[in-house]
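# Topology and contacts: notes
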Amino acid sequence: MADHSILQPGNLLMVQERERYLARLFARVGWSSLAELRAFEAGCSTGYNLRLLVQWGAKPQNLAGQDIDPAAVAYCRSRSSDIRVHEGSAERIPEPDRAFDLALAFTLFSSVAG
């Protein structure tokens, strides 16, 4: 997880670009508030994006994520206890069908086994 530190300039730029993209997306679809947003992130890693949504107004209990890395899942759970975080492949998501308004997957495909 250290190699994904936001303190590394390249990672910081990537995160800032992602935040700008999400802000534009929300504006484009007319979401002026995230208070009722239900979102899922496949490959959520340490939960940075899910916690960002909370900072922007989403309710933690309306968010969920999944990651294949047990250490990342443990980290996310330790810092985001109200966000549901599942360990395992995103092939099978242990959440009800149609439970989310938004599904995210950033840098997920770099972790897919060949």
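Counting restarts for each chain: residues are numbered from 1 in the order of the written sequence. It should be noted that, the model being predicted, local features are given only for residues of pLDDT at least 70 and side-chain atom pairs only at 80 or more, the latter also being counted only at that level, while totals for whole chains, interfaces and linings use all residues. Hydrogens and water are ignored here; the side-chain numbers use all heavy atoms of the structure.

Attention now goes to the packing of aromatic side chains. Working definition: rings of Phe, Tyr and Trp (its six-membered ring) pair if their centres are within 6.5 Å, and the pair is stacked with planes under 30 degrees apart, edge-to-face with planes over 60 apart, and tilted otherwise. Enumeration according to the criterion identifies three aromatic pairs in this entry. A ring pair is formed by Phe 26 and Trp 31, whose centres lie 5.6 Å apart and whose planes are at 35 degrees; its orientation type is tilted. Overall, Phe 26 belongs to the buried group, its relative accessible area being 4%. With relative accessibility at 31%, the residue Trp 31 sits in the partly exposed group. On the basis of an interplanar angle of 45 degrees and a centroid distance of 5.6 Å, the ring pair of Phe 40 and Phe 100 is categorised as tilted. Taken together, the positions of Phe 40 in strand β1 (residues 39-42) and Phe 100 in the loop between β3 (84-87) and β4 (102-104) put the pair 60 residues apart, joining distant regions of the chain. Classification of residues uses two cut-offs on accessible area relative to the type maximum, computed with a 1.4 Å probe and protein chains only: under 20% is buried, over 50% is exposed, and between them is partly exposed. Judged by its relative accessible area of 5%, Phe 40 falls in the buried class. Phe 100 gets classed as partly exposed once you look at its relative accessible area, which sits at 21%. Site record: aromatic cluster; members linked through ring pairs are Phe 26, Trp 31 and Trp 56. Numbering goes from the N terminus for both helices and strands, where a helix is a DSSP run of H or I of at least four residues and a strand is a run of E of at least two.

The next thing to look at is unusual backbone geometry. Positive phi, close to 50 degrees, is recorded for Ser 45, a residue that is not glycine. Relative to the helices and strands, Ser 45 is located in the loop between β1 and α2 (48-55). Within the chain, Arg 98 stands out as a residue other than glycine whose phi angle is a positive 60 degrees. Considering the arrangement of structural elements, one finds Arg 98 in the loop between β3 and β4.

Here His 86 lies in strand β3. Overall, the relative accessible area of 18% leaves His 86 in the buried class. By the criterion applied in these results, polar contacts are pairs of N or O atoms within 3.5 Å in which, for protein atoms, one can donate a hydrogen and the other can accept it, and in which residues neighboring in sequence qualify only through two side-chain atoms. Side-chain polar atoms of His 86 contact the side chain of Glu 95, separated by 2.7 Å. Beyond its immediate stretch of four places on either side in the chain, His 86 contacts Gly 65, Gln 66, Asp 67, Val 73, Arg 77, Pro 94 and Glu 95. Here, two residues are considered to be in contact whenever any of their heavy atoms come within 4.5 Å of each other.

Let's shift gears to the pattern of salt bridges. When a carboxyl oxygen of Asp or Glu is within 4 Å of a side-chain nitrogen of Lys or Arg, the pair counts as a salt bridge. Scanning the model with the defined rule gives three salt bridges in all. Across the pair Arg 38 and Asp 101 runs a salt bridge, and its minimum N-O distance is 2.9 Å. Taken together, the residues span a long stretch of sequence, with Arg 38 in the loop between α1 (9-28) and β1 and Asp 101 in the loop between β3 and β4 at a distance of 63 residues. With its nearest N and O atoms 2.9 Å apart, the salt bridge here joins Glu 95 to Arg 84. Of this pair, Glu 95 sits in the loop between β3 and β4 while Arg 84 is found in strand β3, placing the two residues eleven residues apart along the sequence. With relative accessibility at 32%, the residue Arg 84 sits in the partly exposed group.

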